[in-house]
Every structure is written in C-alpha cells, then in structure tokens.
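Residues per chain are reported as follows:
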Amino acid sequence: MSTVDVQKVWKPSGSELQGGQRPLWWTAGPTGELAVLLVHRQYLRQIPYIKGWVGWGPQVPFDGVLLMRQADGSLHRRPVKDVPVWPSHIALLPESRLLIASGRARKEDARTWSPNAAVFSLESGGQEAAFCIGDDIPALVTDREGSIWTAYGDEGIYGGHPESAAGLAGWSAEGRAIWAPGGRLPDVPLEGCTAATEGDRVWLIWYSGGRRGGTFLTRITPSTGEVTSWPSPVRDPDGFAVHGRRAVLTQRVHNQRSTEVVRAELDGDTWKVTERRRIRVPGRVVMHCGQGRDGLLWLRAGHTWLPIEA
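Residues numbered from 1 in each chain as written. Predicted model: local features only at pLDDT ≥ 70, side-chain atom pairs only at ≥ 80, totals over all residues. Heavy atoms only, no water.

### Remarks on the pairing of strand β6 (residues 75–83)
Selection criterion: We call two strands paired when DSSP finds no fewer than two bridges between them. Strands here mean DSSP runs of E at least two residues long; helices mean DSSP runs of H or I at least four residues long; both are numbered from the N terminus.
When strand β5 (residues 62–69) meets β6, the two strands line up antiparallel, connected through seven bridges. What sits directly across from Gly64, in β6, is Val80. Between β5 and the antiparallel strand that follows it, β6, lie five residues; Gly73 among them carries a positive phi value of about 95°.

### A few points about the side chain of Thr150
Our working rule: Whether a residue is buried, partly exposed or exposed follows from its accessible area with a 1.4 Å probe, protein chains only, as a fraction of its type maximum: under 20%, in between, or over 50%, in that order. Between N or O atoms, a polar contact is any pair within 3.5 Å; within protein, one atom must be a potential hydrogen donor and the other a potential acceptor, and residues adjacent in sequence are included only when both atoms are from side chains. It only takes one pair of heavy atoms within 4.5 Å for two residues to be counted as in contact.
Among the structural elements, Thr150 can be located in strand β12 (residues 148–151). Owing to a relative accessible area of 0%, Thr150 belongs among the buried residues under this scheme. At 2.8 Å, the side chain of Thr150 forms a polar contact with the side chain of Tyr152. A distance of 3.2 Å separates polar atoms of two side chains, one belonging to Thr150 and the other to Trp171. For Thr150, the residues in contact, after removing those within four places along its chain, are Ile133, Ile137, Ala139, Leu140, Gly167, Leu168, Ala169, Trp171 and Leu204.

### Overview of the side chain of Gln291
Residue position: Gln291 is located in strand β23 (residues 290–293). The class of Gln291 is buried, set by a relative accessible area of 8%. Separated by 3.3 Å, the side chain of Gln291 and the backbone nitrogen of Ala28 make a polar contact. Setting aside residues no more than four positions away along its own chain, Gln291 makes contact with Trp26, Thr27, Ala28, Leu140, Val141, Ala195, Phe240, Leu296, Leu297 and Trp298.

### Quick look at the environment of Ser124
Along the chain, the position of Ser124 falls in the loop between β9 (117–121) and β10 (127–131). For Ser124, a relative accessible area of 44% puts it in the partly exposed group. On a C-alpha basis, the gap between Ser124 and Arg78 in space is 8.5 Å, while along the polypeptide they are 46 residues apart.

### Looking at the pattern of salt bridges
Formally: Each salt bridge in this description consists of a side-chain nitrogen of Lys or Arg and a carboxyl oxygen of Asp or Glu lying within 4 Å of one another.
Within this structure, the stated rule accounts for ten salt bridges. The partner of Arg235 in a salt bridge is Asp236, with the nearest N and O atoms 3.7 Å apart. Across the salt bridge formed by Arg277 and Glu275, the nearest N and O atoms sit 3.7 Å from each other. When its relative accessible area of 39% is taken as the criterion, Arg277 is described as partly exposed.

Printed below as a string of structure tokens:
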C-alpha cells in the first residue's frame, strides 16, 4: 500500500443534509471533530466564475445548521441564527462556541474597520460577539486555548489594516490582537496559504515576493513566544499537517479529482521531500480544501472528507 493511500472517512448522507441544505464552510476541530455549516439553498446564490462549493454565497443575514462529526463518529446538529457576515472561514472555540469569519473587512473611517467575525453559542444558536480580525484572510485556524490565528493576502497587507500589514497575526476569542511577528520572519509575507496546529503550537504557511522569496513554514509557540520558520519543501501548499519531524503537504489541481501529496522530514534545519505522489480523490478539490490537526491533514474533495497522516 502506498504511504499516501487515503480512505474516505465521511460524506454527509442525504438524511443528514435534509432537504435543500448545502454543506459549505467547514473546519477540523482541535479534538478530532469535523464541523460543516449547512445552509438552505433559499439563502444562497451561485457565483458563476468560482468553481465548487466555495462559489456559493449567502444573502446576509442567514440561518444555518452546524453539523458536527465527533471523533467517535457520532453526529450532532446545532442551529446558528442570523449570521451577519458572508463566511470565508468557520472555526470551533472552547465552551461550545463557533467563530464565523469573512475574509474581507470594510474600512468605516480613518481608524475603524467594520466587524468581519462573529462568535455564536452552539447552545442557543445566537450571536455573542462581533469584531474585526483584519482584511483579506486566506488562512485561519483556532488553537486549543481558543486563540485565532490568521495569515493575510496582499490586499490586506497593503490595505491599511494595522494587524493585516504584518502578514500574520494572533487574536483572542474576544477579537483582541495578542500576537504579531515583530520582525521575526525570514522575509516579508505577501500571501497566506494554509494553517495547522500541533499540540499547543500553531503553524502558518505563507509565501513572499521579497528579498528571499518563496514559501515558508512558520511555527509559533504561544506559551513562550518562540517563532521558528523554515523554507517550505512545496511551493504554495493548500494543505499542511505536521507530527514531530514529519510533515505532509498537498497541492491541488484546481477543480479536478486529484491532488498531489508530498511527504517531508526535517533533516537538520531543512525540510526534505521523501515522497511525492498524485492521487485520485472522490470529488473535486477547490480552495480551502485542507486543514491540519495534530499530525492529521483533513482534505475536502467535493462533499467527502479524507484523512492523511503525517
């Protein structure tokens, strides 16, 4: 068996989706959960030039249902009411809460940016907080403690938002900026690629068009403030997971039923490729297709989720 063979772990059934609901934004939780926000098609419109599930957008505000698959395979449904933002990302927070964030923010005046993130209680389904976590967010992940980690795109970095300008940022669950790279990166970020967690560490993957250029893997240890970066063995990966000195990365063939899986090991201070293989998957692979948690890369292919171990 190839070391990159994967098996289908979950595809929501028709009964789980119920009539007219579409599985859209999703996240891998810090304790092995998979969570998908289902939205009824009455709230949705399709953007013709964007392929796959990411091409469906809601009229806001809208209602949805969070379908959660626990690590033991059990399923839970939680309503979410009156979502005020067009989602780009969702993420689980401690104390049964859900973050829904738009990738874009609007400047209201010289100092104020409109909220682009909202926190919901999964007990009541209602909104608890709203705040801005920067502009142009291609990658977002939450850690076990509930902090939010973001990597920004060029429009955010050069758009005037103070935290976005640094390229990477950390936020509290209340929307307070708690971490910035502060000159500890090997180059100036231009675009975020993907994100992952490993225990209490956070990994943000990004690329630069600066002096050194290329793609970088940045590991942040929030408890100590340590920041370490390495050149990535793969250019612009859309999925990443790491376990100790082993990593797995993916590069999609956009809107095709295949993806490239690359395995790498840390040899001294260099990540070296140990295997590279293109695999067929059961659905089309589009943007926001990968998220890494504790050595497991969750890959979304159409409406099927696949685990790949680092």
